[in-house]
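These are the residues of each chain, in order.
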Amino acid sequence: MTCVRKASRRELLSRGGALAALGIAGVLDPRRARAHDMSAREQELYAAASKEGELTWYMSHSDDVTAQALGRNFEALYPPLKANVVRTTAQVAFQRVSQEIKAGAMQVDVLSTTDIGHYVYLKEKALLDKYVPENAGKVLDIYRNYDPDGTYFVTSAGMIAIGYNTAKLREADAPKNWTGLTDPKWKDQIALGHPGFSGYVGTWVLTLRKLYGWQFFEALAGNNPQIGRSINDTVTMLNAGERLIAGTGPVGTAMSSAQKGNPLAMIYPTDGTVLIIAPSGIMKGAKHPNAARLFMEYLLSAEASQIWVDHFNESLRPEVAPPPGVTSAKDVRTIRPTADEITKGMPEVIRQWRDTFGV
Amino acid sequence: MALWLILIAALVFLVASPMLRLVLASFQEPDSGRLTLANYAQAYGRMPHLRAILNSLELGTGVALLAGMFGVPIAWAISRTDMPAKGFIRLMVFGAFVIPPYLGAIGWILLAGPNAGWLNKVWMAATGAGHGILNVYSMAGLIVVVAVASFPYVFVFTNSALDLVSSEMEDAASILGAGRMRITFGVTLPLVLPAMIGGLIVSFLEAIALFGAPALIALPARFHVVSTQLWQFFEYPVRVEEAAAYAMPLLAITVLMFALQRSLLGRRGYVAVSGKGGERRMIRLGGWRWAMLGYALAVCTLSVLLPMLVLLQAAFAKAWGRGFALDNLTLANFRYILFEQTQAQHAILNTFLYAGASAFAAIALSLAIAYVVNRKLVPWSNALALLCMAPFVIPGVVLAIGFYAAYAPPPLALYGSAAIIILAFTTRFLPIAYTASAAGLRSINPEMEEAVRNLGGGRLAAIRTVLAPLLKKSLAGAWLLVFIPATRELSSAIFLVGPHTRVISVMLFDLSEEGNFEVLSALGAMLLLATIAIAALAFRVVGRDFMLRGS
């Protein structure tokens, strides 16, 4: 998919009634012609899903813009299916799912959070539906087989680095590694997300605790960072000039924003860029089970990977490459905790964080 | 009797049952349902939880005092003096009432963010200072943000009381040689003191029950208040029982304050305020009237003009930090909301649908009850009135937890349905609807209905042909008084919305996680515009002073 084509579809969407535009987009978009090269399973799911009409997706893998772009792309590929995309931070999404479980009224079909511990818990409680997408075998090796029982699959990957405002800070002066953030000269200059909301930030906290112990965060707290909720909030803080450095800089959101002309750049820390690998799963009792399955196929498809790459996240598929000049995970040294460490450690680091930072 | 049963059943369903369920849950073990005090031990056993309660009290007190400083002088100036531009100031106070506190909070984040806020930038440019002087992310910041949103309560209470004080006592004081200052502070204001304190108490209660503005400001400021702490109990694992236990002091404080307010307002010592006033003359302020206008304008600037200016700038900006420049103008934020976002169209529709439906439901129910109470059609009718007013003492977050505990699980299984939101909104705003309906009914003499019935018409015919036409205006006003706050209601919606029943307030809250202020402002502007359009339409129908009646 080229950028030109994407833009034209967006323009169409923006004009007139969305429904009518979708219909036109369906005709104009060359990928609609690929209906014939749908696999037998995909066709079967598409037919069954069309009867269900829609699906609800709780999504924390990216910012709202990328989330909605994925939803709209799915709608364009499989008309007349509708996607209800509810983007929140991972812990808020899980909070709503927990409320639904407790009330016995499952509203969500596909859950995509950034805390793999959620899936371990849901699987243990038999709250995930087993479905092995065809496309699960077509993604890069490192994204395969997170759950041998086929209840959840990695559908997104992105990086956390150090972001900075290029209008106010020269690259040479910006911190080169994570420990650089504790330098007192950055007092009142750092923005962070909150692990009690963002799964990205939670994973980052776990990774750095493993590297440097909790003392790192005590030192960081001494610099009085601005603490938001979502990791993407740090990008807003940089753009506004409220802070100079995003201590938890989401590469995808920051680079998308830089592309729009905001004065942003990333430092990939010498002690390792944090790689986040985030799964999705179908909830047991989902009201639109076939649409959910089709959507899982979609999330693992080349089309979805193209959208991810367009928004500066990682591609899951070998055939979709990032545009030249864009830094991706294979270009830098990445670090990440194991799924087991996340499952056990996440509630603990959230508690520690609250004690150290007060909220 | 059948009518009475239906009404009492409706009230039990809406008010009594969720609250009893909440109290019960606070004493129950989560899984077994056995009685226990463990929830209380857990809820109050941690220092941070206790600190949040103290923070809420500090917030409420600060807001009440500041709202008093804002609201009382303006109320006095409009009611008793020859200050110019009264109509404009009144309009601004109404504007402050319409703007949801969380939108005001976003406006103030744009204005007083410690480094990037507009006011701080102006300060730095003017003085050459290295950093700004205002920090919205603080307790003081939160107090200001909430006070500018809640001073209209103090204004309304004080203003309507002042309108009833005749000039006779002031004249008496004047004859005895008292100066103007002495009269104002020694006679006029003490006469309306109960009403003033009533307004302060309502501001206090609003402040401690608020969820949106604290979530936006208190978290970056690194402190919790009761409502944000309550939200945390809903994190995994959901601890409804602990939340219920933790909600109890909020409920207790509110009941206490409300009782205090009632006893103050009900005191009969202040005869001057109890009836229609005699002659009232405006005090000539001379040159001071411009100073007074300046003060009123300053308050309106803080509460409406400045926050709205920066919100509009952000709504039409590519990046708000780049300022007022032509190349920074865009419609992309509106396009994103209306056409690219998959949820927004629904949320906008839902918001006005639910607010409208809740307003109709609340008024239908409260009118029926007010009628029954007013005409003393059934025994114990005052019990109905009391139940109707009870939600006034239930903070929105607490009400939502009660509704969640009572009606989300089977047998009703209303979670995620439009019904649970409409029911919760109906309950939340029932007291407003009841106050307005009862006031409307009191003004109508039963003789006219009796005439219909003497001529052979039934009670329903009397209601349809006599009462309904006479009440049309005041009911339309009451409808608006419920509709406006319902369009922006966040705290009772936050635990009850599902993916298909999202409303603008909750969507704004979700979007605010990412701090995407441009899109947030665009959505907020659309909410405000639609609300103002509907209010303006209603102004034409019911006249401008509908928000000054009742309460």
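Remember, it's a predicted structure, so these values are computed and weren't measured experimentally. (Residues numbered from 1 in each chain as written. Chains lettered and ligands numbered in written order. Predicted model: local features only at pLDDT ≥ 70, side-chain atom pairs only at ≥ 80, totals over all residues.)

### Examining the overall build of chain B
Argument step 1. When helices and strands are counted, chain B shows 23 helices and zero strands.
Argument step 2. Dimensions of chain B, computed from the C-alpha atoms along their principal axes, are close to 75 × 70 × 50 Å.
Argument step 3. At a minimum sequence separation of 6, the contacts of chain B that also span at least 24 residues come to 78%. (Helix = DSSP H or I, 4+ residues; strand = E, 2+ residues; numbered from the N terminus. Contact = placed C-beta atoms within 7 Å.)

### Examining the domain arrangement of chain A
Residues and elements named next belong to chain A.
Argument step 1. When the domains of chain A are assigned, the result is domain 1 (3–156 + 277–327) and domain 2 (158–275 + 330–357).
Argument step 2. Placing a centre on the C-alpha atoms of domain 1 and another on those of domain 2 gives a separation of 27 Å.
Argument step 3. In this complex, domain 1 contributes 22 residues to the contact, which on the side of domain 2 involves 25 residues.
Argument step 4. For the side of domain 1 that touches domain 2, the secondary structure elements donating two or more residues are α5 (90–103) and α6 (116–124). (Domains from an automatic or database assignment.)

### A short note on the nonpolar core
A general trend in soluble globular proteins is that nonpolar side chains are found buried together.
Argument step 1. The biggest cluster of nonpolar side chains holds 291 residues, and the ones touching the most others in it are Phe295(A), Val145(B), Val146(B), Ile401(B) and Val482(B).
Argument step 2. With near-sequence residues (within four places) excluded, Phe295(A) lies in contact with Leu55(A), Trp57(A), Phe74(A) and Val110(A). (Core = buried A, V, L, I, M, F, W, Y, C linked by C-beta atoms within 7 Å. Buried ≥ 20, exposed ≤ 12 C-beta atoms within 10 Å, placed from the backbone.)

### What about the interface of chain B and chain A?
Argument step 1. Contact with chain B, which involves 38 residues of that partner, is made by 46 residues of chain A.
Argument step 2. With three residues, the top contributor of residues to the side of chain B that touches chain A is helix α15 (residues 332–340) of chain B.
Argument step 3. Classifying every residue of the side of chain B that touches chain A gives 20 nonpolar, eleven polar and seven charged. (Nonpolar A, V, L, I, M, F, W, Y, C, P; charged D, E, K, R; others polar.)

### Section: the packing of helix α16 (residues 344–374) of chain B against helix α21 (residues 459–488) of chain B
All names here are of chain B.
Argument step 1. Orientation of α16 relative to α21, taken along the N-to-C sense of each, is 140°, at an axis distance of 8 Å. Between α16 and α21, the interaxial angle falls into the category oblique. Between α16 and α21 lies a crossing of right-handed hand. Seen from α16, the contacting residues are Thr351, Phe352, Tyr354, Ala355, Gly356, Ser358, Ala359, Ala362 and Ile363; seen from α21, they are Leu475, Ala478, Trp479, Val482, Phe483, Ala486 and Thr487. (Axes fitted to C-alpha atoms, helices over the stretch in contact; angles between N-to-C directions. Parallel < 35°, antiparallel > 145°, perpendicular 65-115°, else oblique. Left-handed = near helix turned anticlockwise from the far one by under 90°.)

### Concerning the confidence of the model for chain B
Argument step 1. In the predicted model, chain B carries a mean pLDDT of 87, and the fraction of residues at 70 or more is 95%.
Argument step 2. The ipTM assigned to the predicted complex is 0.89, against a pTM of 0.90. (pLDDT = per-residue confidence, 0-100.)

### Some remarks on the domain arrangement of chain B
Residues and elements named next belong to chain B.
Argument step 1. As far as domains go, chain B holds domain 1 (1–33 + 346–551) and domain 2 (56–277).
Argument step 2. At the junction of the two partners, domain 1 supplies 36 residues and domain 2 supplies 33 residues.
Argument step 3. Broken down by element, the residue count for the side of domain 1 that touches domain 2 peaks at eight residues, all from helix α23 (residues 517–542).
Argument step 4. Counted by class, the side of domain 1 that touches domain 2 contains 25 nonpolar, ten polar and one charged residues.

### Observations regarding the environment of Asn135(A)
Argument step 1. Note on placement: Asn135(A) falls in the loop between β4 (128–129) and β5 (152–165).
Argument step 2. Apart from the residues lying within four places of it in its own chain, the contact partners of Asn135(A) are Glu297(A), Leu300(A) and Ser301(A).

### Remarks on the environment of Ile99(B)
Residue and element names in this part refer to chain B.
Argument step 1. Mapping Ile99 onto the fold places it in the loop between α4 (86–98) and α5 (101–112).
Argument step 2. By the C-beta count within 10 Å, which is 25 here, Ile99 ends up buried.
Argument step 3. Each C-alpha atom, one on Ile99 and one on Ala525, is 9.8 Å from the other, the two residues being 426 residues apart in sequence.
Argument step 4. In this structure Ile99 touches Gly104, Ala149, Val304 and Leu528, once residues within four positions along its chain are discounted.

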